[in-house]
Amino acid sequence: MKYYSTNNKAIKVSLREAVMQGLAPDNGLFMPEVIPQFSSDFFKSLQKKSFQQIALEVTQNLIGIDLHTKDLERIVSHTIQFDAPLIEIEKNIHSLELFHGPTSAFKDFGARFLSGLLGHFASQQNEEITILVATSGDTGSAVANGFLNVPGTNVIVLYPSGKVSAVQEKQFTTLGGNVRAIEVDGTFDDCQRLVKQCFSDKVLNTKLVLTSANSINIARLIPQSFYYFYAYAQLKTERQIIVSVPSGNFGNLTAGLMARRMGLPVKHFVAATNTNDIVPEYLKTHRFNPRPSVQTISNAMDVGNPSNFFRIVDLFDGNVNDLTNFITGYSFTDQQTTDVMKKIYKEKKYVLDPHGAIGYLGLKEYLRMNSKEIGVFLETAHPAKFQDVVSTAIGESIPLPPTLEKFMAGKKLSTRMSKEFEDFKSFLLN
Ligand SMILES: *Cc1c(COP(=O)(O)O)cnc(C)c1O
């Protein structure tokens with residue numbers, strides 16, 4: 001399988017190049033040249049398949065013969081180490097819980113798959129791969145945990161000092177091994193700038209094999225299509241379904257659209273956002289107007305320029321009418337988010353996190369007009385990750401899951417650093 005750039009379909013690269021480069025040289029995003037549709041046999045036996053089996057078949061479908069089956073099996077089993085159960089919380093409304101991984105958010109799927117693939121590429125060469133990741137919290141923890149002890153890889157997590165939560169900080173500063181945390185005296189934007197500067201620095205690029213693990217990497221999207229199929233398998237239905245995706249950078253929704261291209265019977269997608277409503281606005285007005293993000297309580301979705309938007313346009317071959325007919329966008333305020341968390345806890349004893357709450361709200365809104373449909377929303381993080389917001393909304397505190405508890409007991413190991421590029425560069429060269 002080759003991968004093209006969304007800016008120029010004539011630029012085609014191998015899987016290895018797409019994953020190592022992350023972004024195409026023309027700043028486009030890599031997409032698979034073809035997204036093959038599964039046969040009806042695949043769907044007939046879907047309900048009987050395990051999550052791992054589904055994941056393997058989807059990977060084979062998208063990656064093809066570029067890797068041996070035994071390598072794909074190893075990468076898939078490294079990725080799918082935890083379940084993604086589907087919970088019916090009201091009639092025809094199901095929560096797809098994607099937070100049962102080591103860092104309690106769906107980003108574990110993408111990070112673990114990426115680490116499996118990069119570990120595979122590292123094993124084929126003599127040089128170690130250095131993975132740089134700037135984080136405002138969740139991405140750093142998923143990437144650090146995904147790469148921990150993967151031979152041939154070194155991970156460097158840059159984070160803004162004092163600007164991530166205690167739980168988040170512990171998740172990437174207590175690991176040791178091949179993971180190093182850099183605590184930058186600056187903002188998230190400074191961290192991101194430091195990472196970008198590395199890629200344009202000649203000296204660094206001759207001395208080190210550098211790559212980045214942010215969400216534009218196609219290897220983070222491929223595994224996110226697994227759980228759409230698995231959700232459908234768990235529904236045990238033959239009907240088409242409605243799927244609502246709480247969205248920020250729109251990687252998750254892109255993966256859902258890829259699953260549909262492979263034949264998954266999705267009738268309609270809902271793009272649910274917080275007040276950073278760039279995509280819902282586009283779906284209404286056909287105008288894409290990126291702008292600085294505003295802060296909300298669903299902070300992992302505070303994105304003002306969603307990077308996967310052009311992948312979505314590409315999946316519809318630029319046909320705006322098809323796109324806007326197939327996806328409906330809604331945005332919700334913080335007040336609506338906490339109100340619904342409170343209501344669902346009171347009525348159903350189910351605890352939503354602020355991101356899943358927006359997915360739920362989007363699904364409810366769509367089903368108001370389409371009440372006979374079967375709906376699924378993605379629950380993207382464990383509510384205990386957002387303890388303050390959640391306990392205020394539901395009036396009770398919730399225990400940390402054992403995976404997060406374990407991190408809190410670890411000792412923080414980090415290197416304090418200025419936001420000057422020269423300091424970071426000399427750190428990398430030593
Ligand atoms: C990253 C994240 C999102 C947004 O996902 P995108 O793929 O960027 O749209 C939603 N919820 C949580 C908890 C996240 O960490």
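Structure: above.
Anyway, here's the lowdown on the structure attached to this text. Sequence order sets the numbering: in each chain, residues are counted from 1 along the sequence as written. In keeping with the predicted nature of the model, local features appear solely for residues at pLDDT of at least 70, side-chain atom pairs appear and are counted solely at 80 or more, and the whole-chain, interface and lining totals rest on all residues. Just so you know, side-chain values use all the structure's heavy atoms and leave hydrogens and water out.

**Some words on the packing of aromatic side chains**
So, point 1. Centres within 6.5 Å make a pair out of two Phe, Tyr or Trp rings, where for Trp the six-membered ring is used; the pair is then stacked when the planes are under 30 degrees apart, edge-to-face when over 60, and tilted otherwise. Summed over all chains, the structure comprises 23 aromatic pairs.
So, point 2. Arranged with centres 5.2 Å apart and planes meeting at 80°, the rings of F309 and F310 form a pair that is edge-to-face.
So, point 3. Residue classification places F309 among the buried residues on the basis of a relative accessible area of 4%.
So, point 4. Buried, partly exposed and exposed residues are distinguished by accessible area as a fraction of the type maximum, computed with a 1.4 Å probe on protein chains only: under 20%, between the cut-offs, and over 50%, respectively. For F310, a relative accessible area of 45% puts it in the partly exposed group.
So, point 5. Measuring from centroid to centroid gives 6.4 Å for F424 and F427, while their planes differ by 15°, and the two rings are stacked. One end of the pair is F424 and the other is F427, both in helix 20 (residues 421–429) and 3 residues apart, which spans about a single turn. Of the two residues, F424 and F427, both sit in the buried class.
So, point 6. Here the aromatic cluster, defined as three or more aromatic residues joined through ring pairs, consists of F51, F82, F109, Y227, Y228, Y230, F269, F316 and F326.
So, point 7. Against the face of Y345 rests K349, its NZ or CZ located 4.4 Å from the ring centre. Under the DSSP-based scheme used, a helix requires at least four consecutive residues in state H or I and a strand at least two consecutive residues in state E, with every element numbered from the N terminus. The rule is short: NZ of Lys or CZ of Arg within 6 Å of the ring centre and within 35 degrees of the ring normal puts a charge over the ring.

**Structural notes on the pattern of salt bridges**
So, point 1. Whenever Lys or Arg places a side-chain nitrogen within 4 Å of a carboxyl oxygen from Asp or Glu, that contact is recorded as a salt bridge. If you walk through the whole model with that rule in mind, you get 20 salt bridges.
So, point 2. The salt bridge partner of D190 is R193, with a shortest N-O separation of 3.2 Å. Separated by 3 residues within a single helix, D190 and R193 lie in helix 8 (residues 188–199), roughly one turn from each other.
So, point 3. Residue class for D190 comes out buried when judged on its relative accessible area of 14%.
So, point 4. Taking the relative accessible area as the measure of exposure, R193 reaches 33% and is therefore partly exposed.
So, point 5. A salt bridge links E347 to K343; the nearest nitrogen and oxygen atoms lie 3.5 Å apart. Pair noted here: E347 and K343 are both in helix 16 (residues 334–348), with a separation of 4 residues, about one helical turn.
So, point 6. Residues joined in a network through salt bridges with shared partners are E169, E183, D185, K412 and R416.

**Notes on the environment of D71**
So, point 1. Locating D71 in the fold gives a position in helix 4 (residues 69–79).
So, point 2. With relative accessibility at 7%, the residue D71 sits in the buried group.

**Quick word on the sheet that holds strand 1 (residues 3–5)**
Working definition: the strands of a sheet are paired by backbone hydrogen bonds and lie parallel or antiparallel to each other.
So, point 1. For two strands to be treated as a pair, DSSP must find no fewer than two bridges joining them. Pairing is antiparallel in the open sheet, where 3 strands are placed in the order 2-1-3. Two strands bound the open sheet, and with one partner strand each, they are strand 2 (8–13) and strand 3 (30–32). Each strand axis lies, on average, 40° off the axis of its neighbour in the sheet, ignoring direction.
So, point 2. Examined bridge by bridge, strand 1 and strand 3 share 3 bridges and lie antiparallel to one another. Pairing of Y3 across the sheet is with P32, part of strand 3. Structural elements are reduced to axes, namely lines fitted to C-alpha atoms, with helices fitted over the stretch in contact, and the angle between N-to-C directions of any two is expressed from 0 to 180 degrees.

**Comments concerning the side chain of H382**
So, point 1. Along the chain, H382 turns up in the loop between strand 13 (374–379) and helix 18 (387–394).
So, point 2. Judged by its relative accessible area of 15%, H382 falls in the buried class.
So, point 3. A distance of 2.9 Å separates a polar side-chain atom of H382 from the backbone nitrogen of A384. Any pair of N or O atoms that falls within 3.5 Å is considered a polar contact. Within protein, one atom must be able to donate a hydrogen and the other to accept it, and sequence-neighbouring residues count only if both atoms are side-chain atoms.

**Quick look at the side chain of Q171**
So, point 1. Residue placement: Q171 occurs in helix 7 (residues 166–173).
So, point 2. Given a relative accessible area of 0%, Q171 falls into the buried group.
So, point 3. What makes two residues a contact is simply this: any of their non-hydrogen atoms within 4.5 Å. Those residues in contact with Q171, other than ones at most four positions away along the chain, are P102, T103, S141, N145, K385, L404 and F407.

**Some words on the environment of F326**
So, point 1. Within the secondary structure layout, F326 lies in helix 15 (residues 320–326).
So, point 2. The exposure class of F326 is buried, given its relative accessible area of 9%.
So, point 3. For the pair F326 and F269, spaced 57 residues apart in the sequence, the C-alpha separation amounts to 6.5 Å.
So, point 4. Ignoring anything within four residues of it in the chain, the contact list for F326 reads L257, R260, V266, K267, H268, F269 and F316.

**Some remarks on the site of the ligand**
So, point 1. Near the ligand there are 15 residues, and of these K107, G248, N249, F250 and T380 occur at the shortest range.
So, point 2. Contact between the ligand and F250: an oxygen atom at 2.8 Å from a main-chain N or O atom of the residue.
So, point 3. Between the ligand and T380 there is a distance of 2.8 Å, counted from a nitrogen atom to a side-chain nitrogen or oxygen.
So, point 4. For the accessible areas, the method is Shrake-Rupley and the probe is 1.4 Å, while residue cover comes only from the protein chains on display. With the chains in place, 96% of the 390 Å² that the ligand exposes on its own is no longer accessible.
So, point 5. Among the residues making up the shell around the ligand, the classes are represented as 6 nonpolar, 7 polar and 2 charged. Here, proximity means that at least one heavy atom of the residue falls within 4 Å of the molecule or strand. The residue classification treats Ala, Val, Leu, Ile, Met, Phe, Trp, Tyr, Cys and Pro as nonpolar and Asp, Glu, Lys and Arg as charged. All others, Gly included, are polar.

All quantities given are derived from atomic positions and should not be read as evidence of function.
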